[in-house]
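Residue-level structural notes
Take a look at the letters that make up each chain.
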Amino acid sequence: MPLTAIQDYFTGDHAICYGCGSDNAHGLQVRTYWDGQYGTFHFSPQDYHTAFPGVVYGGLIASLFDCHCIGTAVAAAYEKEGRPPGSDPLIMYVTANLNVNYLRPTPMGSELMLKSHIIEQKGKKTVVACTLSADDTPCANATVVGIRAT
Ligand SMILES: CCCCCCCC/C=C\CCCCCCCC(=O)SCCNC(=O)CCNC(=O)[C@H](O)C(C)(C)COP(=O)(O)OP(=O)(O)OC[C@H]1O[C@@H](n2cnc3c(N)ncnc32)[C@H](O)[C@@H]1OP(=O)(O)O
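Residues numbered from 1 in each chain as written. Predicted model: local features only at pLDDT ≥ 70, side-chain atom pairs only at ≥ 80, totals over all residues. Heavy atoms only, no water.

**Observations concerning the overall build of the chain**
- Per the secondary structure count, the chain includes one helix and eight strands.
- Reading the helices (α) and strands (β) of the chain from amino to carboxyl end gives β-β-β-β-α-β-β-β-β.
- Relative to the 2.2 N^0.38 estimate, which gives 15 Å for 150 residues, the radius of gyration of the chain is 15 Å and therefore close to what a compact globule would have.
- C-alpha extents for the chain along the principal axes are approximately 45 × 30 × 30 Å.
- Per-residue burial over the chain gives 45% buried out of 150 residues.
- Within the chain, counting contacts between residues at least 6 apart in sequence, those at least 24 apart form 61% of the total. (Helix = DSSP H or I, 4+ residues; strand = E, 2+ residues; numbered from the N terminus. Rg over C-alpha atoms; globule rule 2.2 N^0.38 Å. Buried < 20%, exposed > 50% of the residue type's maximum accessible area, 1.4 Å probe, protein only. Contact = heavy atoms within 4.5 Å.)

What follows is the structure, encoded as structure tokens:
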């Protein structure tokens, strides 16, 4: 597991994203640690992330999937090119499609773990799959289509 998340290499206009920008004080601060096979991110929902009593808001879950999977696509692209993360020219992806399955209510009060992997890297397109678990129980999964923007 690397010590630096891929998003920590993003600066300036690339660091203001609501989901993962380090310069966005109101953002979710998604951080993707890519080990060459899996991307990992832990998130602890706060009280205000509630949908209804005891259950995490689904739109928040979609946002976590979004930035974590795009971060995974970026990290995997640097690896595929044999370059250190963050090196020039900058690699960046945008989301073309985000598909979420909510498998069971995601409980408040537990740390959430997101684990992602690459399904397909072809041309400008990368497809990433991800599972969100609470207390080792999968609560949601997602597929994200990322398109290379830079
Ligand atoms: C948008 C401009 C960005 C400029 C620079 C960005 C820098 C980023 C900065 C800081 C990032 C920090 C981190 C961000 C992380 C957060 C993620 C987000 O929230 S991103 C915001 C939400 N997403 C959008 O706003 C995208 C809006 N959509 C588009 O711009 C276009 O539709 C785009 C680029 C996604 C596709 O444009 P096309 O269709 O012209 O591209 P074609 O070259 O024709 O397609 C490439 C491949 O993608 C497939 N594709 C396109 N749309 C698809 C879709 N909806 N589902 C599946 N595949 C799709 C196509 O079939 C094609 O596949 P085949 O190469 O033929 O295999």
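**Re the UniProt feature "domain: Thioesterase" (unreviewed entry) in the chain**
- When the UniProt feature table is mapped onto this chain numbering, "domain: Thioesterase" (unreviewed entry) sits at residues 54-137.
- End-to-end, the C-alpha atoms of residues 54-137 are 16 Å apart, and along that stretch the chain is 27% helix and 40% strand. (UniProt positions renumbered as here; feature names shortened; annotations may be inferred.)

**Quick word on the state of the cysteines**
- Throughout the structure, instances matching the rule amount to zero disulfides.
- Free of any disulfide, Cys139 has its nearest cysteine sulfur in Cys130, 12 Å distant.
- A relative accessible area of 2% means that Cys139 is categorised as buried. (Disulfide = S-S within 2.5 Å.)

**So, the sheet that holds strand 7 (residues 125-134)**
- The six strands lie next to each other as 1-2-6-7-8-5, forming an open sheet whose pairing is antiparallel. The open sheet is flanked by strand 1 (33-34) and strand 5 (93-102), the only strands paired with a single partner.
- Note: strand 6 (residues 112-122) against strand 7, 10 bridges, orientation antiparallel. The partner of Leu114 across the bridge, within strand 7, is Leu132.
- In the packing of helix 1 (residues 58-80) onto the sheet, the strands contacted are strand 1, strand 2 (39-43), strand 5, strand 6, strand 7 and strand 8 (137-148), and the crossing angle to strand 5 comes to about 130°. (Pairing = 2+ DSSP bridges. Axes fitted to C-alpha atoms, helices over the stretch in contact; angles between N-to-C directions.)

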